[in-house]
Amino acid sequence: MTIRVVVADDQELVRSGFVMILDAQEDIEVVAEVGDGAAAVAAVRELRPDVALLDVRMPVLDGIEACRAISAGTSCRTVMLTTFDSDQYVYEALHAGASGFLLKDVRRDDLVHAVRVVAAGDSLLAPSVARRLIEEYTAATARPASAGALCAQRLEVLTARERETLLHLGRGLSNAEIAAALVVSEHTVKSHVGNVLAKLGLRDRIQAVICAYETGLIGVGTGTGAPAGTRAGSEISPSGE
């Protein structure tokens, strides 16, 4: 099965580079390349691709709003492209429905891997980048204590083991790492992850990361509850890994 992709970036050289890399894969076809968010939304609605790569900052309609429109009106999954040092809005993009994001200097193999992972219905996010973005967002967004308490009430539907699973998801652990931390099988972890997502109404593991921060399960910048020996910078991997 061929993965159909739309690439949206206002920098022609960057966009062309991504297109060249993806089109060189036997299982991936770039069906459109566009230079702004409005054109990206139009292309997705017309061509119904599996994945859209969206630059965060684009003219006419930025990547966040394009992501929101695509997520709300189509089954296409979106991956945001960011320069990391300057973009501060990826957190909002994740809320808008993005399945992950990549740095613009992503390696060739990582770009291809990300498209395949997201097309398969999973999510991809580098926690070293995610933590920084979430911390910046949280630090800039003052919430009253009552709001935090109300948000934390969402976790009351989880069992103790499911809360532990959410904590580990928030730290960026793969299923194999969570299994080792909880001393259970990966099959059991998959069940816990599925229960967490279903009970909290979350679409994927990326939304679970956001939830872990928003509810205070993980203290921003403190790593509260982090298991000993956690590998820093591990990838938030596809749900089946």
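Just so it is clear, the model here is predicted, and its values are computed rather than measured. (Residues numbered from 1 in each chain as written. Predicted model: local features only at pLDDT ≥ 70, side-chain atom pairs only at ≥ 80, totals over all residues. Heavy atoms only, no water.)

A. Just the overall build of the protein, in detail. From N to C terminus, the protein includes eleven helices and five strands. When each of the 241 residues of the protein is scored for burial, the buried share is 49%. Sequence separation of 24 or more characterises 71% of the internal contacts of the protein that already satisfy a separation of 6 or more. When the accessible surface of the protein is totalled, it reaches about 10,800 Å², and 51% of it is carbon and sulfur. (Helix = DSSP H or I, 4+ residues; strand = E, 2+ residues; numbered from the N terminus. Buried < 20%, exposed > 50% of the residue type's maximum accessible area, 1.4 Å probe, protein only. Contact = heavy atoms within 4.5 Å. Areas by Shrake-Rupley, 256 points an atom, 1.4 Å probe, with all protein chains shown as cover.)

B. Local environment of unusual backbone geometry. Its identity as a non-glycine residue notwithstanding, Arg48 has a phi of 50°, on the positive side. Mapping Arg48 onto the fold places it in the loop between helix H2 (37-47) and strand E3 (51-55). Non-glycine residue Val60 carries a positive phi angle of around 70°. Relative to the helices and strands, Val60 is located in the loop between E3 and helix H3 (63-73). Residue Val60 is classed as exposed on the basis of its relative accessible area of 71%.

C. Inspection of the pattern of salt bridges at higher detail. Under the criterion given, the structure shown has eight salt bridges. Its salt-bridge partner being Lys104, residue Asp55 comes within 3.2 Å of it at the nearest N-O pair. Highlighted residues: Asp55 in strand E3 and Lys104 in the loop between strand E5 (101-103) and helix H5 (108-119), separated in sequence by 49 residues. Here Asp55 matches Lys104 in class, with each residue buried. Among the ionic pairs, Glu164 bridges to Arg161, the shortest N-O distance being 2.9 Å. Residue Glu164 and its partner Arg161 are located together in helix H8 (residues 160-170), separated by three residues, close to a single helical turn. Owing to a relative accessible area of 35%, Glu164 belongs among the partly exposed residues under this scheme. Judged by its relative accessible area of 30%, Arg161 is partly exposed. (Salt bridge = Lys/Arg side-chain N within 4 Å of Asp/Glu carboxyl O.)

D. Quick peek at the pairing of strand E4 (residues 77-82). When you tally the buried positions in E4, you get six out of six residues, the bulk of the element. What you see with E4 is no split at all: Arg77, Val79 and Leu81 on one side and Thr78, Met80 and Thr82 on the other are buried throughout. Note that E3 and E4 share five bridges and pair parallel. Each residue of the ladder has a partner; that of Asp55, found in E4, is Leu81. (Pairing = 2+ DSSP bridges.)

E. The pairing of E3, seen in detail. The element E3 is extensively covered by neighbouring structure, given that five of its five residues are classed as buried. Here E3 shows no split at all, with Val51, Leu53 and Asp55 on one side and Ala52 and Leu54 on the other all buried. Regarding the hand of the β-α-β motif, the stretch spanning E3, H3 and E4 is right-handed. (Right-handed = clockwise from strand over helix to strand, strands pointing away.)

F. Local environment of the packing of H8 against helix H10 (residues 186-200). In contact at an axis separation of 9 Å, H8 and H10 are set at 95° when each is read in the N-to-C sense. Of the possible angle classes, the one that applies to H8 and H10 is roughly perpendicular. Between H8 and H10, the contacting residues are Arg161, Glu162, Thr165, Leu166 and Leu169 on the first element and His192, Val193, Asn195, Val196, Lys199 and Leu200 on the second. For the contact of H8 with H10, a count of residues per class yields five nonpolar, three polar and three charged. (Axes fitted to C-alpha atoms, helices over the stretch in contact; angles between N-to-C directions. Parallel < 35°, antiparallel > 145°, perpendicular 65-115°, else oblique. Nonpolar A, V, L, I, M, F, W, Y, C, P; charged D, E, K, R; others polar.)

G. View of the packing of H8 against helix H11 (residues 205-214). Put simply, H8 and H11 touch, their axes get as near as 8 Å, and they point 105° apart. By the criterion of interaxial angle, the relationship of H8 to H11 is roughly perpendicular. Contacts between H8 and H11 involve Leu166, Leu169 and Gly170 from the former and Arg205, Ala208, Val209, Cys211, Ala212 and Tyr213 from the latter. Here the contact of H8 with H11 is built from residues that sort into seven nonpolar, one polar and one charged.

H. How the structure looks around the sheet that holds E4. On the basis of which strands lie adjacent, the open sheet formed by five strands has the order E2-E1-E3-E4-E5 and parallel pairing. The sheet terminates laterally at strand E2 (28-34) and E5, the two strands that pair on one side only. Put simply, the sheet's adjacent strands are angled 25° from each other on average, direction ignored. Bridge analysis of E4 against E5 gives three bridges, and the strand direction is parallel. Residue pairing for E5: Thr82 is matched across the bridge by Leu103. Contacts from H2 reach strand E1 (3-8), E2 and E3, with the element oriented near 140° to E2. Along the sheet face, H5 touches E1, E2, E3, E4 and E5 and points at about 125° away from the line of E3.

Read these as layout, nothing more, since geometry by itself doesn't imply function.
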